[in-house]
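# What the coordinates show
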Amino acid sequence: MIQYSSNDMAKLGCNACSGCSACCKSMGQSILLDPYDIYQIQAATGLGFAQLMQGQAELHVEEGLILPSLKMQEDTDACGFLDREGRCSIHAYRPGLCRLFPLGRRYEGDKLWYFVLEDACQVQNRTKVKIKKWLDVKSLTDYERFLVLWHDLRRRIQEQILERRSDTYAQKINVDILQIFYQTPYDVAVDFYSQFRGRMGQMESVSLDIIL
């Protein structure tokens, strides 16, 4: 498996999908939403977390940790943000995993690498594109730093949940995660990363045994 940095080129170009929306359908609960995704969706649609959970998202459990994911709609088995023309209605603000496809992420300490998910995209003869351009994220260095921190937090919480085998503990930590990073609205007029750092501080104050 070839590892790439954001400055590398990879075969990702798909001619703006050419009307294809296969990767927006039948994805189950695989498109997990992180705090930055919630911030972006709120900026794009004005939908708060509670409103989002009424149609476009649902909760997903993975190794004891409860996180929101995009919800495939019952009548179409497609993402709720896909319009009738098969285009993403929040494309400029789409979640990180959607933005990433057909790339995957690999974490190694405080480093973040990318790799191509072979045969994941149906488009043939894709062209080479610089990964930084493909991701199209403002302040990519800050974004990647956030992803590493968020991944590390998730990993440690999942380890604690599995080690303790306590339903009470798992319930408390999941309530804290959802309340601090998701349910409390973000101020879309303020930089996300400063808000995230503040919320990490809140998480430390309520769950010292997780963070330290």
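Figured I'd write up the structure that's included with this text. (Residues numbered from 1 in each chain as written. Predicted model: local features only at pLDDT ≥ 70, side-chain atom pairs only at ≥ 80, totals over all residues. Heavy atoms only, no water.)

### With respect to the overall build of the chain
- Along the chain, the regular secondary structure elements total eight helices and six strands.
- The linear arrangement of helices and strands in the chain, starting from the amino end, is β-α-α-β-β-α-β-β-β-α-α-α-α-α.
- On C-alpha atoms alone, the chain measures out to a radius of gyration of 18 Å, which is about the 17 Å that the 2.2 N^0.38 rule sets for 212 residues.
- Principal axes of the C-alpha set define a box for the chain whose edges measure 50 × 40 × 35 Å.
- In the chain, buried positions account for 42% of the 212 residues.
- Considering only contacts within the chain whose residues lie at least 6 apart along the sequence, 69% involve residues at least 24 apart.
- Total accessible area computed for the chain in this model is approximately 11700 Å², and 49% of it derives from carbon and sulfur atoms. (Helix = DSSP H or I, 4+ residues; strand = E, 2+ residues; numbered from the N terminus. Rg over C-alpha atoms; globule rule 2.2 N^0.38 Å. Buried < 20%, exposed > 50% of the residue type's maximum accessible area, 1.4 Å probe, protein only. Contact = heavy atoms within 4.5 Å. Areas by Shrake-Rupley, 256 points an atom, 1.4 Å probe, with all protein chains shown as cover.)

### Things to note about helix H5 (residues 140–164)
- Here H5 contains 25 residues, and its C-alpha end-to-end distance of 36 Å stays within 8% of the 36 Å for a straight helix at 1.5 Å per residue.
- Within H5 the residues assigned to the buried category are Leu140, Tyr143, Glu144, Phe146, Leu147, Val148, Trp150, Leu153, Ile157, Gln158, Gln160 and Ile161.
- Of the residues trailing H5, arginine 165 is marked for its positive phi of about 50°. (Expected span 1.5 Å × (residues − 1).)

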